[in-house]
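Tertiary structure, described
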Amino acid sequence: MTISRRSFLKGAMAGSAASLIGPGLLTTAAAGVTEQGVWKTAGSHWGAMNALVKGGKVAEVKPFGADQYPTEMLNGIKGLIYNPSRVRYPMVRLEWLKNRHNGDRTTRGDNRFVRLTWDAALDLFHEELERIQTDYGPWALYAGATGWRQTGQVHSCGNHMQRAVAMHGHFVKKVGDYSTGAGQVILPYVLGSTEVYSQGTSWPLILENSKTVVLWGNDPYKNLQVGWNCETHESYAYLEQLKAKVAEGSIRVISVDPVRTKTQKYLGCEQLYINPMTDVAFMLGMAHTLYNEGLYDQEFIDAYALGFDDFIAYVQGEAEDGEVKTPEWAEAICGVPAERIREFARLLAADRTQLLFGWAIQRQQHGEQPYWMGAVLATMLGQIGLPGGGISYGHHYSSIGVPSSGASAPGAFPRNVDAGKTPEHDNTDFQGATSTIPVARWIDCLLNPGQTIQYNGAEVTFPDIRMCVFSGCNPWHHHQDHNRMKKAFHKLETVVTIDYAWNATCRFSDLVLPACTQFERNDIDIYGSYSNRGVLAMHKLVDPLFHSRSDFDIFTDLCRRFGRDEEYRQGLDEMGWVKKLYDECREANKSFVPAPTGDQSTFSMPEFTQFWKEGYVDFGPGENWVRHADFRQAPEVNALGTPSGFIEVSSRKIDRYGYDDCRGYPTWMEKAERSHGGPNSDRYPLWLQSVHPDKRLHSQMCESEELRATYAVQGREPIYLSPQDAEQRGIQDGDLVRVYNDRGQLLAGAVVSDDFPPGVVRLQEGAWYGPVGPEIGALDTYGDPNTLTLDLGTSKLAQAPSANTCVVEIERFEGEAPAVTAFGGPTLVEI
């Protein structure tokens, strides 16, 4: 059964309450007190768990009973809690303590710190906020960076940081993120929403209706191990069914990717090799075939889309460049034989096709174009809004595609200042600068205050930022070109970081405050970010280690310094907030929206005390749903969010911006650097993939020594390369190698693999940055790919990161290798 998007958003689900909730509303999550110790329930990005606590220490971690496909990353939990990189005490950088903002900033990153008491540290934090707001103004403070944080609705660190800082004064914020920066800007012009974080067509409908599934730069079997909230791993049951259908020949799955992915190998499906970063050329060749062989759906285009004629004129060579985008033209760029391009286009048009795009291909220069072009192909096929057809940009993320229960989920600790309240420093004069900047351009902002750039149809003028505050987002592991970052950090007067581990962001800060891990405080979480399968209790497993504190406690104490701590916490303590969020969720679910059948759908939840004891409320499975079905059924009534309300194959609005790097329809544009015969490939012939890792969440879990030992090579991050590239350079599997380009250099451990074609290498992002010293150009000792990546905006439209536009060279490392400096604590200096 399918339901409309409107009904889905209202949360109305077909069927009775009993069928939704399932046989057991409350599932006992843990065994309680035993002879061995106490079993407690907790949650994480890697899934829910039961933990045995013995003698005040986590002794054992087991997967949650409801999780049938747990990830091996749970084996790293103990190593995350108990590791040498924990921030044990409040610390201040030696040079900054001596001379404050007048000190030598080039020593930032030298890792020499002095221990402080909490009172002294928070006094310094408050004094710096006062100085910045008084001597400069809100334009000088950046507290906008947020990231994946630790799970939990009460202790969401970005909310705590921004609420507390906002109660003190205004500050520069960010827009966008590093994961989907280009996609979330271009897709509202084309399909009417960001799409990348939207619920997609349910997996059961794909399995039932699709004849061809295309994984385009998409590796869901690897990436679905983690989720934004506590991950359920329900998607793996559907991948298992997809594998069976591939084996029996009822569904054909094709992975469009230069590399043999983990998903492709699991499914036993086909691979269509393509030269890196040439997807748009390949798709244009397909569009040429679909159009000239009459395989496109003209009726769908006439009814649901605008701007097709302008786009097809470009394909036919009638536009400004005069180049006909034939498969032969595309072959010379993308490396796919022209006849194979034609065959692929014919295959997709022959029957029901589901396109599943990953996020990697939009993290490149002109990253808006492949996403736009993918939507155009889906429009030409005419299957948008059909079960098992159309396009998705998120089926690899947080179990998108798992049917949602429709129940209300718990809210979160508030990010904003309470209504009617004003900050201590209510100065809103940014002196001509923009108060919100594209997140991936913040280093440009530090280096070029006062500069004006184009962004999404507007002008952004960079403020002159003097102070940054970070909490649990680790920007040194998601921004590109670390040597450029070092230069930018030399301009900052003060950097404050709140985190639980000594990552590079802490090392390049002036004041570091120790937050506890999510396993050292109580919280509540959504079980299943998109399935909304239930509500999970996150029991505190152990007391905060060393002198660490929860974000709630840290920022309450900061607000106490300007007399607003009671307002900050709204009169509640930690457990008061846990209960408040649960009770609000329970009340919202008492009387749910009537279902389309007329039945009353309810999601009964027990009293808080019982929930906290049992640890979990199960809302049961949800109903199937088709993305864009309501639009297809009634496009005038259920218009898209585009300017016209229809799919915009060409965008007049974008065309009016006049950008030379993002025109009014999707186009092929060469990159600043590209392997396989592209720019700069004569000097640096290897394309560097910096993909999401297989055994951590970005940089989270890299510090877990037990888990890191399962993949590290000679104590370094592995770099994957083909046998041909290894032989050409005299590299053997397991060798230590130097990877370099004009932006930087690093050490890594070679893994030679047939999964990689010649000219393509991989370093998984999130590897901790550990240079031999703070100097510009210093060798990174562990293997962080952002030592090498290009810090360039995707285009004037999105200004998003272009991390995958990166070419390098590799050589076997000779001589004595420097020790890894990425892990462990700082050099403690006594004064």
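These numbers come from a predicted model, not from an experiment.

**Quick word on the packing of aromatic side chains**
In total, this model carries 50 aromatic pairs according to the counting rule given. Taken together, a centroid distance of 5.7 Å and an interplanar angle of 65 degrees make the contact between Tyr136 and Trp139 edge-to-face. Summarising the aromatic geometry, the rings of Trp476 and Phe489 are spaced 5.2 Å apart at their centres and angled 75 degrees between planes, so their arrangement reads as edge-to-face. Residue Trp476 is located in the loop between β17 (467-471) and α19 (482-489), and its partner Phe489 is located in helix α19; the two are separated by 13 residues in the primary sequence. There is no split in this pair, since Trp476 and Phe489 are both buried. What links up through ring pairs into an aromatic cluster is the set Tyr142, Trp442, Phe470, Trp476, Phe489, Phe508 and Tyr769.

**Some points on the pattern of salt bridges**
Scanning all chains against the criterion turns up 56 salt bridges. Residue Glu717 pairs with Arg696 through a salt bridge whose shortest N-O separation is 2.9 Å. Linking Glu717 in the loop between α27 (705-708) and β25 (718-721) with Arg696 in the loop between β24 (686-689) and α27, this pair joins segments that are 21 residues apart in sequence. In terms of burial, Glu717 and Arg696 fall into one category: buried. Shared partners join several salt bridges into a network, and the residues in it are Arg100, Glu127, Glu128, Arg131, Asp464, Arg466 and Glu493.

**Topic: the UniProt feature "domain: Molybdopterin dinucleotide-binding" (unreviewed entry) in the chain**
According to UniProt, the positions carrying the feature "domain: Molybdopterin dinucleotide-binding" (unreviewed entry) are residues 686-806. Helix and strand shares over residues 686-806 are 8% and 22% respectively, and the end C-alpha atoms of the span are 8 Å apart.

**Observations regarding empty space enclosed by the protein**
Taken as a whole and assessed by the stated rule, the structure comprises two cavities of 30 Å³ or more. Taken as a whole, the largest cavity encloses approximately 60 Å³ of empty space. If you go around the largest cavity, you meet 13 residues; those closest to its centre are Val175, Gly176, Gly181, Val439 and Ala798. Here the lining of the largest cavity spans two domains, since at least three of its residues come from each of domain 2 (91-178 + 416-521 + 551-571) and domain 4 (686-823). Its boundaries defined by the atoms lining it, the second largest cavity holds a volume of some 50 Å³.

**Brief notes about a negative patch on the surface**
Together, Glu299, Asp302, Asp309, Asp310 and Asp655 line one region of the surface with negative charge. Looking at the negative patch, the elements that each hand over two or more residues are α13 (298-304) and α14 (308-315). Relative to the helices and strands, Asp302 resides in helix α13. What makes Asp302 exposed here is its relative accessible area of 56%.

**Some remarks on helix α7 (residues 183-190)**
In terms of burial, α7 is a largely internal element, seven of the eight residues being buried. Along α7, the residues that are buried comprise Gly183, Gln184, Val185, Ile186, Leu187, Tyr189 and Val190. Elements in contact with the buried residues of α7: α17 (368-381), β15 (452-455), β23 (647-648) and α26 (652-657). The positive-phi residue at the C-terminal boundary of α7 is Gly192, with phi of around 95 degrees.

**Remarks on the packing of helix α5 (residues 118-136) against helix α21 (residues 551-560)**
In the contact formed by α5 and α21, the axes pass within 10 Å of each other and the chain directions differ by 60 degrees. The pairing of α5 with α21 is recorded here as oblique in orientation. The handedness of the crossing between α5 and α21 comes out as right-handed. Between α5, through Trp118, Leu122, Phe125, His126 and Leu129, and α21, the contact on the second element is made entirely by Ile554, Phe555, Asp557 and Leu558. Here the contact of α5 with α21 is composed, by residue class, of seven nonpolar, one polar and one charged.

**Concerning the UniProt feature "domain: Molybdopterin oxidoreductase N-terminal" (unreviewed entry) in the chain**
Sites flagged by UniProt as "domain: Molybdopterin oxidoreductase N-terminal" (unreviewed entry) map to residues 43-82. Across residues 43-82, helical content stands at 12% and strand content at 32%; the span's end C-alpha atoms are separated by 17 Å.

**Comments concerning the nonpolar core**
Formed by 188 residues in total, the largest nonpolar core has its most connected members in Phe125, Trp216, Phe282, Phe311, Phe344, Trp442 and Phe489. Broken down by element, the residue count for this core peaks at nine residues, all from α17. Formed by 18 residues, the second largest nonpolar core is a distinct cluster that contains Leu242, Val246, Val253 and Cys269.

**Digging into the packing of α7 against α17**
Contact geometry for α7 and α17: axes closest at 9 Å, N-to-C directions at 35 degrees. In this structure, α7 crosses over α17, and the sense of that crossing is right-handed. Counted together, Gly183, Ile186, Leu187 and Val190 of α7 and Glu368, Tyr371, Trp372 and Ala375 of α17 form the full contact between these two elements. Of the residues that constitute the contact of α7 with α17, the class distribution is six nonpolar, one polar and one charged.

**Quick look at the domain arrangement of the chain**
Size of an interface, as often reported, equals the accessible area lost when the parts are brought together. Examined at the domain level, the chain breaks down into domain 1 (27-81), domain 2 (91-178 + 416-521 + 551-571), domain 3 (182-403 + 631-657) and domain 4 (686-823). Here the C-alpha centre of domain 2 lies 33 Å away from the C-alpha centre of domain 1. Each side of the interface is counted separately: domain 1 has eight residues, and domain 2 has nine residues. Carbon and sulfur atoms make up 71% of the surface buried where domain 1 meets domain 2, a total of about 670 Å² over both sides. Together, His45, Leu80 and Ile81 form the three largest contributors to the area buried by domain 1 at its contact with domain 2, with a combined 71%. The tally of links between domain 1 and domain 2 comes to zero salt bridges. If you tally residues by element for the side of domain 1 that touches domain 2, the top one is helix α3 (residues 77-81), at three residues.

**Details of the sheet that holds strand β19 (residues 511-514)**
The pairing of strands in a sheet happens through backbone hydrogen bonds and is either parallel or antiparallel. The strand order β6-β17-β18-β19-β4-β5-β30 describes an open sheet built from seven strands, whose pairing is mixed. Of all strands in the sheet, those with a lone pairing partner are β6 (141-142) and β30 (827-828), marking the two edges. Relative to the sheet, α5 contacts β6, β17, β18 (494-499) and β19, its axis offset from that of β19 by approximately 130 degrees.

**Some remarks on α5**
In this model, α5 (19 residues) spans 27 Å end to end at C-alpha, consistent with the 27 Å of a helix rising 1.5 Å per residue. Three or more residues of α5 are buried, namely Trp118, Ala121, Leu122, Leu124, Phe125, His126, Glu128, Leu129, Arg131, Ile132 and Gln133. The positive-phi residue at the C-terminal boundary of α5 is Gly137, with phi of around 160 degrees.

**Brief notes about the sheet that holds strand β1 (residues 38-42)**
Pairing within the open sheet is antiparallel, and its three strands lie in the order β1-β2-β3. Looking along the sheet, the strands with just one partner apiece sit at the ends: β1 and β3 (57-63). Each strand axis lies, on average, 30 degrees off the axis of its neighbour in the sheet, ignoring direction. For β1 and strand β2 (residues 49-54), the ladder comprises five bridges, and the chain directions are antiparallel. Residue Val38 lies in a different strand from β2, and its bridge partner there is Val53.

**Here's the deal with the side chain of Lys222**
Looking at the element boundaries, Lys222 is found in helix α9 (residues 220-223). Sequence-distant contacts of Lys222, that is, excluding residues within four places in its chain, are made with Tyr236, Lys262, Thr263, Val691, His692, Pro693 and Asp694.

**With respect to the environment of Pro693**
Tracing the backbone shows Pro693 in the loop between β24 and α27. When the C-alpha atoms of Pro693 and Leu763 are compared, they prove to be 8.6 Å apart, with 70 residues separating the residues in sequence. Those residues in contact with Pro693 that lie beyond four places of it in its chain are Lys222, His698, Gln764 and Glu765.

What counts and how
Residues numbered from 1 in each chain as written. Predicted model: local features only at pLDDT ≥ 70, side-chain atom pairs only at ≥ 80, totals over all residues. Heavy atoms only, no water. Phe/Tyr/Trp six-rings, centres within 6.5 Å; stacked < 30°, edge-to-face > 60°. Helix = DSSP H or I, 4+ residues; strand = E, 2+ residues; numbered from the N terminus. Buried < 20%, exposed > 50% of the residue type's maximum accessible area, 1.4 Å probe, protein only. Salt bridge = Lys/Arg side-chain N within 4 Å of Asp/Glu carboxyl O. UniProt positions renumbered as here; feature names shortened; annotations may be inferred. 1 Å grid on protein atoms, 1.4 Å probe; cavity = no way out; pocket = protein on both sides within 12 Å on 5 of 7 lines; lining within 4 Å. Points joined across faces, edges and corners; volume = space filled by probe spheres on them. Domains from an automatic or database assignment. Patch = residues over 30% accessible without salt bridge, like charges linked within 9 Å, V, L, I, M, F, W, Y side chains within 5 Å. Areas by Shrake-Rupley, 256 points an atom, 1.4 Å probe, with all protein chains shown as cover. Lys, Arg positive; Asp, Glu negative; His and termini not counted. Charge placed at Lys NZ, Arg CZ, Asp CG, Glu CD. Contact = heavy atoms within 4.5 Å. Axes fitted to C-alpha atoms, helices over the stretch in contact; angles between N-to-C directions. Parallel < 35°, antiparallel > 145°, perpendicular 65-115°, else oblique. Left-handed = near helix turned anticlockwise from the far one by under 90°. Nonpolar A, V, L, I, M, F, W, Y, C, P; charged D, E, K, R; others polar. Core = buried A, V, L, I, M, F, W, Y, C linked by side-chain atoms within 4.5 Å. Buried area = accessible area lost by both parts, 1.4 Å probe. Pairing = 2+ DSSP bridges. Expected span 1.5 Å × (residues − 1).

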